[in-house]
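Take a look at the letters that make up each chain.
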Amino acid sequence: MDSVLALVFILIFLPIIVGLYILLLFHFKSNPIFIQKRPGYKGTIFHVYKFKTMKDVSKHNVGDISDDQRVTIAGNFLRKLSLDELPQLFNVLKGEMSFVGPRPLLVDYLKIYTAEEMKRHDVRPGITGWAQVNGRNSISWKEKFNLDLWYINNISFFLDFKILLLTVLKVFKREGVNSTENKIMPHYNGKN
């Protein structure tokens, strides 16, 4: 069902995806697609796709500029409307992601997860999830993991439908899914 819906949404949003790709190609003067390895179902590594929202870091300015400072004006706009997530429809089409599930985090976190936190990989990662509609980057890592685990223990078609509706509402209201400050979550260190 995810793959079929992903294909339908890709066809619907194709003009927007192509338009954004061309605009960001000129904006960044490089590939506008951000590709990064992420752990998916059962920890299987896949490449997640997103529209680029931050300036690239060169070897000359590593550590000199924070992630918040790297977000461009165009990137800020994309994040506010969650348009940077549109390329993940291709991840859903390929079966690597679902529409709803815990967000795929960094591969580095796999080695510091507790056994309980690893359970977030018992389902496919999602474009949106229970943690995203309940605070996203404005909540702590502990709260985020607790929400992900609650979702996994209570997963149902109706819960997924509710999360999708809440996501649409929050994107239009510009709340929760992407905070007005576009706060970037600090890296998880196993404690925070």
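My aim in this report is to walk through the structure given alongside it, one point at a time. (Residues numbered from 1 in each chain as written. Predicted model: local features only at pLDDT ≥ 70, side-chain atom pairs only at ≥ 80, totals over all residues. Heavy atoms only, no water.)

### Regarding the nonpolar core
For step 1, the next point in the chain: Membership of the largest hydrophobic core comes to 31 residues, with the highest contact counts inside it found for Phe 51, Leu 86, Phe 99, Trp 130, Tyr 151 and Ile 163.
For step 2, the next point in the chain: Those elements that place two or more of their residues in this core are helix H1 (2-28), strand S2 (45-51), helix H4 (88-93), strand S3 (98-100), helix H6 (141-153) and helix H7 (157-173).
For step 3, the next point in the chain: Per-element accounting of this core gives the leading share, six residues, to H1.
For step 4, the next point in the chain: In contact with Trp 130, other than residues within four places in its own chain, are Leu 147, Trp 150, Tyr 151, Leu 159, Lys 162, Ile 163 and Leu 166.
For step 5, the next point in the chain: One finds Leu 105, Leu 106, Phe 145 and Tyr 188 within the second-largest nonpolar core, a separate group that totals eight residues. (Core = buried A, V, L, I, M, F, W, Y, C linked by side-chain atoms within 4.5 Å. Buried < 20%, exposed > 50% of the residue type's maximum accessible area, 1.4 Å probe, protein only. Helix = DSSP H or I, 4+ residues; strand = E, 2+ residues; numbered from the N terminus. Contact = heavy atoms within 4.5 Å.)

### Quick notes on the environment of Tyr 113
For step 1, the next point in the chain: Along the chain, Tyr 113 turns up in the loop between S3 and helix H5 (115-118).
For step 2, the next point in the chain: With relative accessibility at 9%, the residue Tyr 113 sits in the buried group.
For step 3, the next point in the chain: Residues Tyr 113 and Gly 190, 77 residues apart in the sequence, show an inter-C-alpha distance of 6.6 Å.
For step 4, the next point in the chain: Once residues lying within four places of it in the same chain are set aside, the contact partners of Tyr 113 are Leu 105, Met 118, Arg 120, His 121, Phe 145 and Tyr 188.

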